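Each chain, letter by letter, is given below.
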Amino acid sequence: MRTHIWHEHVITSIAGCAALVLGVTGSVAHAQTQAGRAAQAHDLGRETLPVGDGWGSEGAGTSGGSAADAAHVHTVTTWAGFKAALKAGGDAPKIIKVKGVIDPVAEGCASFAAPGYDFDAYLEKYSPENWGLDTDLSGEPADSPEGLRAVSAANQDTAIKVNVPANTTIVGVGKGAGIRGGSLQIKGVDNVILRNLTIEAPLDCFPQWDPTDTDTGAWNSEYDAVVVYGSTHVWVANNTLTDGRYPDSTLPTYFGQTYQQHDGLLDIVRGANHVTVSWNSVEDHDKTMLIGNSDSAGATDTGKLKVTLHHNKFEGVVERAPRVRFGQVDSYNNHFVVNEGQSYGYTFGVGISSQLYASHNAFSLPAGVSAAKTLKKWNEAPLTAENNYVNGRKTDLIAVHNAEIPAETLQSGAGWTPTLRTKVDSPRAVPGIVAGRAGAGKVC
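Residues numbered from 1 in each chain as written. Predicted model: local features only at pLDDT ≥ 70, side-chain atom pairs only at ≥ 80, totals over all residues. Heavy atoms only, no water.

Undergrad: Can you walk me through the state of the cysteines in this structure?
TA: Structurally, a disulfide amounts to a covalent bond that connects the sulfur atoms of two cysteines. Taken as a whole and assessed by the stated rule, the structure comprises one disulfide. Two residues share a disulfide in this structure: Cys109 and Cys205, whose sulfurs sit 2.0 Å from each other. Around the S-S axis, the bridge from Cys109 to Cys205 shows a dihedral of about -70° and counts as left-handed. Residue Cys109 is found in the loop between β6 (101-102) and α3 (119-126), and its partner Cys205 is found in the loop between β12 (198-200) and β13 (208-210); the two are separated by 96 residues along the sequence. For Cys109, a relative accessible area of 29% gives the class partly exposed. (Disulfide = S-S within 2.5 Å. Helix = DSSP H or I, 4+ residues; strand = E, 2+ residues; numbered from the N terminus. Buried < 20%, exposed > 50% of the residue type's maximum accessible area, 1.4 Å probe, protein only.)

Listed below in structure tokens is the structure:
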């Protein structure tokens, strides 16, 4: 909290929001006038990424639609209105203000089903007992249960995916704004800002059964909540990203496997570059964040995927916070919370040619979960991990990992040092700072 005395009136700044408190000699009317002026001056849609705030500030920086004229400022309350606003004006700077909760799946999954699609018939035909585990479903005809599932899935794909154009800011209005079940595609564009929204991950209504996926078969789902694909200068801040009403614990089991209906929450892939992800609350999800989605994507990803993650809270996530390939990723001042009894795989995934720099982070781990599990080696790629705290104690994550998991020995030294950082807070203070400021509804 910072307190400034201006002409005997006290202005208190809490978590980036300005609240006017009546001074000893001021009047109520004057206080109301000052508050009105402050509210008018503070427009999230006009805010830009500060200079030096992570990789997103590199070069020209990230300003989104902050320069939009009045004709390109839209307030939307429905999914249809949101899609129309995205298309209006092409790449001209635009601000889209989301008021309330918009939902492309409000009418339920049945609204996407192709005529004749029957899930029970799907289960009957493709059960391991009837179909086996040696042949996938790619050769099935259009009128088969798999063919009808594919048409149904295509209907959902068309309905829930939207392309975000260049020079756009999407911002939630107030504390209750959100997107349920939509997939934001920030694809092949430059200069996008996404702020102050509660984003509930899409629920794939029609996952595909693949009998040949592992020895036992698996259900495979589509749809990331947000994907940054080949785009540059993106700022994702002050959002809550979550499975929301449909955590994995509620998903059913068929053929002995979880009926997986979620994919990623925020994936940054295919040559995307100069991205800052800050002050978000990322909650209750499995495959959380990929930075680089394929070992074979070196042609597009080498020298790209430069991403900064700072002051985010990751709570109840299973893995990929993030999993990194190729990129120079700076992760600092984040709080990673593993809850008692939750499924947990790892936090940082060290992938091919990655250069992860993880420092000044805080981890809260329950009894029985070792700090060694915070790192997962997928490929040989040195990383820097320094001044991280686990349950309030400074911990050398690489040393603990190597001592307990010698088969996955990690090398130290990412080969670069981040320079695009805002104030670096003490890791001891990070849990409290992040709890007060990360997530939707905590900016105004």
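From this point on, the discussion continues.
Undergrad: Can you help me understand the nonpolar core in this one?
TA: Soluble, globular proteins show a tendency: their nonpolar side chains are buried together. Residues Phe82, Val226 and Ile268 are the most contacted members of the largest nonpolar core, which totals 64 residues. Sort the elements by how many residues they give to this core and helix α2 (residues 79-87) lands first, with four residues. Ranked by size, the runner-up nonpolar core spans 19 residues in total, among them Cys205, Phe206, Tyr223 and Tyr259. (Core = buried A, V, L, I, M, F, W, Y, C linked by side-chain atoms within 4.5 Å.)

Undergrad: Where do I start with the sheet that holds strand β27 (residues 328-332) in this structure?
TA: Working definition: the strands of a sheet are paired by backbone hydrogen bonds and lie parallel or antiparallel to each other. Taken in spatial order, the 10 strands of this open sheet run β4-β5-β8-β11-β16-β21-β24-β27-β30-β33, and their pairing is parallel. Edge positions in the open sheet fall to β4 (73-76) and β33 (384-386), since each of these has one partner strand only. On average, each strand axis in the sheet is inclined to that of its neighbour by 10°, with strand direction left out of account. Taken together, the five bridges between strand β16 (residues 232-237) and strand β21 (residues 273-278) define a ladder with parallel strand orientation. When the sheet's bridge partners are listed, Trp235 is paired in β21 with Thr276. Those strands touched by α2 are β4, β5 (94-98) and β8 (168-172), and its axis lies near 170° from that of β5. (Pairing = 2+ DSSP bridges. Axes fitted to C-alpha atoms, helices over the stretch in contact; angles between N-to-C directions. Contact = heavy atoms within 4.5 Å.)

Undergrad: Whenever I open this one, α2 confuses me. Can you help?
TA: Taken together, the buried positions of α2 are occupied by Trp79, Phe82, Ala85 and Leu86. On an axial view of α2, the arc spanned by its buried residues comes to 120°, and they lie on one face. For α2, exposure combined with an orientation more than 90 degrees from the buried face picks out Ala80 and Lys87. Phi turns positive one or two residues past the end of α2, at Gly89, with a value near 80°. (Arc of directions from axis to C-beta.)

Undergrad: Teacher, can you tell me more about the pairing of β8 here?
TA: The side chains of a regular strand alternate, first on one face of the sheet and then on the other. Of all five residues that make up β8, five are buried, and the element is covered over most of its length. Side chains Thr168, Ile170 and Gly172 of β8 all project onto a buried face; the interleaved residues Thr169 and Val171 project onto the opposite face, where all are buried too. Of the strand pairs in this sheet, β5 and β8 are connected by five bridges, and their pairing is parallel. Paired with Val98 across the strands is Gly172, a residue of β8. Direction of pairing for β8 relative to strand β11 (residues 190-195): parallel, over a ladder of four bridges. Within β11, the residue paired with Thr169 across the bridge is Ile193.

Undergrad: Is there a simple way to think about the sheet that holds strand β35 (residues 393-395) in this case?
TA: With mixed pairing, 10 strands are arranged side by side in an open sheet as β6-β9-β12-β17-β22-β25-β28-β31-β34-β35. Across the chains shown, the open sheet's two edge strands, defined by having one partner strand only, are β6 and β35. The pairing of strand β28 (residues 335-337) with strand β31 (residues 362-364) spans three bridges and is classified as parallel. Across the sheet, the residue bridging to Val337 is Ser364, located in β31.

Undergrad: What should I look at first to understand the packing of aromatic side chains in this one?
TA: Both the distance between ring centres and the angle between the ring planes are used here to describe each pair of aromatic rings. For the structure shown, the criterion picks out 22 aromatic pairs. An angle of 70° between the planes, with centres 6.3 Å apart, marks the rings of Trp219 and Tyr254 as edge-to-face. Separated by 35 residues along the polypeptide, Trp219 in strand β14 (residues 218-220) and Tyr254 in strand β18 (residues 253-254) bring together distant segments of the chain. For Trp219, a relative accessible area of 4% corresponds to the buried category. The exposure class assigned to Tyr254 is partly exposed, which follows from its relative accessible area of 26%. Of the aromatic side chains, those joined through ring pairs into one cluster are Phe119, Tyr122, Tyr126, Trp131, Trp209, Trp219, Tyr254, Phe255 and Tyr259. Cation over ring: Lys187 sits above Tyr229, and NZ or CZ is 4.6 Å from the ring centre. Of note, Arg437 hangs over the ring of Trp279, and the distance from its end group to the ring centre comes to 4.1 Å. (Phe/Tyr/Trp six-rings, centres within 6.5 Å; stacked < 30°, edge-to-face > 60°. Lys NZ or Arg CZ within 6 Å of the ring centre and 35° of its normal.)

Undergrad: Looking at this structure, how should I read unusual backbone geometry?
TA: Most peptide bonds adopt trans geometry, and most residues besides glycine take a negative phi value. For the bond running from Ala321 to Pro322, omega is 0°, close enough to zero to count as cis. Looking at the secondary structure, you find Pro322 in the loop between β25 (313-315) and β26 (323-324). Residue Tyr223 is not a glycine yet carries a positive backbone phi of 85°. In this structure, Tyr223 sits in the loop between β14 and β15 (226-229). The phi dihedral of Asn333 falls on the positive side, at around 55°, and the residue is not glycine. Secondary-structure assignment places Asn333 in the loop between β27 and β28.

Undergrad: What is the right way to read the pairing of strand β10 (residues 183-187) from this model?
TA: For β10, a buried count of four out of five residues is recorded, marking the element as mostly surrounded by other parts of the structure. Strand direction decides the pairing type here: strand β7 (residues 161-163) and β10, joined by three bridges, are parallel. By the bridge assignment for β10, Lys161 is matched with Ser183. Bridge count for β10 against β15 is four bridges, and the pairing is parallel. Looking at the pairing, Leu184 lines up with Val226 of β15.

Undergrad: I'm lost on α3 in this one. Help?
TA: It helps to recall that an α-helix has 3.6 residues per turn; residues three or four apart then point in one direction. All of the buried residues in α3 are Phe119, Tyr122, Leu123 and Tyr126. Across the axial projection of α3, the buried residues extend over an arc of 95°, all falling on one side. Within α3, the exposed residues directed more than 90 degrees away from the buried face are Asp120 and Glu124. On its buried side, α3 packs onto α4 (128-131), α5 (145-160), β13, β14 and β18. For α3, the N-terminal cap is Asp118; the gap from its side-chain oxygen to the backbone nitrogen of Asp120 is 2.8 Å. (Polar contact = N/O pair within 3.5 Å; in protein donor to acceptor, adjacent residues only side chain to side chain.)

So yeah, pure geometry; function would need other evidence.
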